[in-house]
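Residues per chain, in single letters:
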Amino acid sequence: MSAALKELLEILDLEQIENDIFRGRSPEDRQQRVFGGQVAGQALVAAGRTVPINRPVHSLHAYFIRPGDPLVPIVYTVDRIRDGRSFTTRRVVAIQHGKAIFTLSASFQVAENGPEHQTAMPEAPAPETLSPFRERLLPLFGERFADEFTSRRPFDLRHVTPLTWEAAKDPSLITPESKVWLKADGELPDDPLLHVCLMTYASDMTLLDTVLLNHGLAWGDQRTMGASLDHAMWFHQPFRADEWLLYAQETPVAGGARGLARGQVFTQDGQLVVSVMQEGLVRVTDPEDAGE
């Protein structure tokens with residue numbers, strides 16, 4: 001297990017400080033603001049710990065309200081909205097400095113049978129045939145940056161489509177779609193809640209990049225800034241976050257300094273296990289260069 005994944009598991013293991021009140025921390029090397037996937041994952045942990053184990057989460061809807069301060073703990077308060085015969089609903093508020101920075105509503109359901117169908121998995125080369133993320137970064141930024149950047153990543157990423165930085169240098173690579181194989185960088189325990197919380201974390205790592213990829217923009221290009229605004233996920237089938245998952249992403253629309261992206265997560269055998277939607281803030285200092 002990589003050091004980054006070990007630290008993430010520790011960060012997701014929230015401290016319970018009172019009934020329905022939990023406390024979480026951020027990585028020590030996080031300097032600017034709390035990563036959105038982290039606070040979403042921690043909030044889902046808080047909600048899940050108040051729900052019987054036989055009721056897995058099937059959906060969540062969240063809003064990012066204020067930037068998180070990585071230097072102080074985050075307090076998560078859980079409101080037990082409903083405990084029905086089949087469904088359980090929880091609302092979580094993440095608080096720092098006396099103010100809400102994030103809210104999440106999650107729904108849990110007992111296992112039931114019903115009609116089944118799904119869309120087909122898109123074609124993609126096997127993850128083992130693709131270059132690791134570090135090797136893709138080397139020609140762009142050099143060894144030092146590639147090592148530092150990937151050492152902080154708790155997931156192994158294998159990009160099928162161009163990186164945003166590659167498309168920013170070569171306009172012929174611009175595309176509204178992105179495909180990424182990912183898995184946790186180490187073997188995980190069998191706890192189903194942990195696997196969905198890790199996927200919640202990972203779902204925020206590349207989704208908004210799809211909007212940038214469609215315009216030849218990239219984080220750190222001195223003219224693009226952004227942030228997650230809201231996030232929604234639907235969990236269709238059980239899965240393991242330490243096995244390869246294909247994250248197929250696309251961006252249907254952007255405007256008003258906001259971009260919408262959606263994603264579907266498939267297992268290697270073609271099962272659609274998670275669907276994701278996110279709207280993000282995307283501001284560009286020179287909109288004309290961004291194709292507006």
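**Q** Where do I start with unusual backbone geometry in this structure?
**A** Where the residue is not glycine, phi is negative for most of them; where a peptide bond is considered, it is trans in most cases. Even without a glycine there, the phi angle at Asp20 is positive, about 65 degrees. Tracing the chain through its elements places Asp20 in the loop between strand 1 (15–18) and strand 2 (21–24). Despite not being glycine, Ala257 has its phi angle at roughly 65 degrees, a positive value. Within the secondary structure layout, Ala257 lies in the loop between strand 10 (245–255) and strand 11 (258–267). The exposure class assigned to Ala257 is partly exposed, which follows from its relative accessible area of 32%.

**Q** Explanation requested: the environment of Val93 in the structure shown.
**A** As for its placement among the helices and strands, Val93 is situated in strand 5 (residues 87–96). Accessibility expressed as a relative area gives 14% for Val93, which makes it buried. Once residues lying within four places of it in the same chain are set aside, the contact partners of Val93 are Val75, Tyr76, Thr77, Ala100, Phe102 and Thr103.

**Q** How should I be thinking about the environment of Gln237 in this particular structure?
**A** Tracing the backbone through its elements, the reader meets Gln237 in the loop between strand 9 (224–235) and strand 10. You can call Gln237 partly exposed: its relative accessible area is 33%. Beyond its immediate sequence surroundings of up to four residues, Gln237 is in contact with Gln271, Leu272 and Val273.

**Q** Explanation requested: the layout of surface pockets in the structure shown.
**A** Empty space among the atoms becomes apparent when a probe as large as a water molecule is rolled across them. Roughly 1,200 Å³ of internal volume is contained in the second largest pocket. Forming the boundary of the second largest pocket are 35 residues, of which Pro56, Phe235, His236, Gln237 and Pro238 lie nearest the centre. No other element matches helix 6 (residues 192–206), which puts four residues into the lining of the second largest pocket. Each residue belonging to the lining of the second largest pocket can be placed in one class, and the counts come to 18 nonpolar, eleven polar and six charged.

**Q** What is the right way to read the packing of helix 2 (residues 36–48) against helix 6 from this model?
**A** Each packed pair of helices is defined by two parameters, the angle between the axes and the distance between the axes. At a minimum axis separation of 7 Å, helix 2 and helix 6 run at an interaxial angle of 155 degrees. Relative to helix 6, helix 2 is oriented roughly antiparallel. The hand of the helix 2/helix 6 crossing is right-handed. On helix 6, the residues that touch Gly36, Gly37, Gln38, Ala40, Gly41, Leu44, Val45 and Gly48 of helix 2 are Leu193, Val196, Cys197, Thr200, Tyr201 and Asp204. Residues that form the contact of helix 2 with helix 6 fall into these classes: seven nonpolar, six polar and one charged.

**Q** How do you make sense of the side chain of Arg153 when you look at a structure like this?
**A** Mapped onto the secondary structure, Arg153 falls in the loop between helix 4 (143–151) and strand 7 (155–159). An unpaired buried charge is present at Arg153: no salt bridge exists, and Asp209, the closest side chain of opposite charge, is 6.1 Å distant. With near-sequence residues (within four places) excluded, Arg153 lies in contact with Ala4, Phe133 and Met205.

Basis of the calculations
Residues numbered from 1 in each chain as written. Predicted model: local features only at pLDDT ≥ 70, side-chain atom pairs only at ≥ 80, totals over all residues. Heavy atoms only, no water. Helix = DSSP H or I, 4+ residues; strand = E, 2+ residues; numbered from the N terminus. Buried < 20%, exposed > 50% of the residue type's maximum accessible area, 1.4 Å probe, protein only. Contact = heavy atoms within 4.5 Å. 1 Å grid on protein atoms, 1.4 Å probe; cavity = no way out; pocket = protein on both sides within 12 Å on 5 of 7 lines; lining within 4 Å. Points joined across faces, edges and corners; volume = space filled by probe spheres on them. Nonpolar A, V, L, I, M, F, W, Y, C, P; charged D, E, K, R; others polar. Axes fitted to C-alpha atoms, helices over the stretch in contact; angles between N-to-C directions. Parallel < 35°, antiparallel > 145°, perpendicular 65-115°, else oblique. Left-handed = near helix turned anticlockwise from the far one by under 90°. Lys, Arg positive; Asp, Glu negative; His and termini not counted. Salt bridge = Lys/Arg side-chain N within 4 Å of Asp/Glu carboxyl O.

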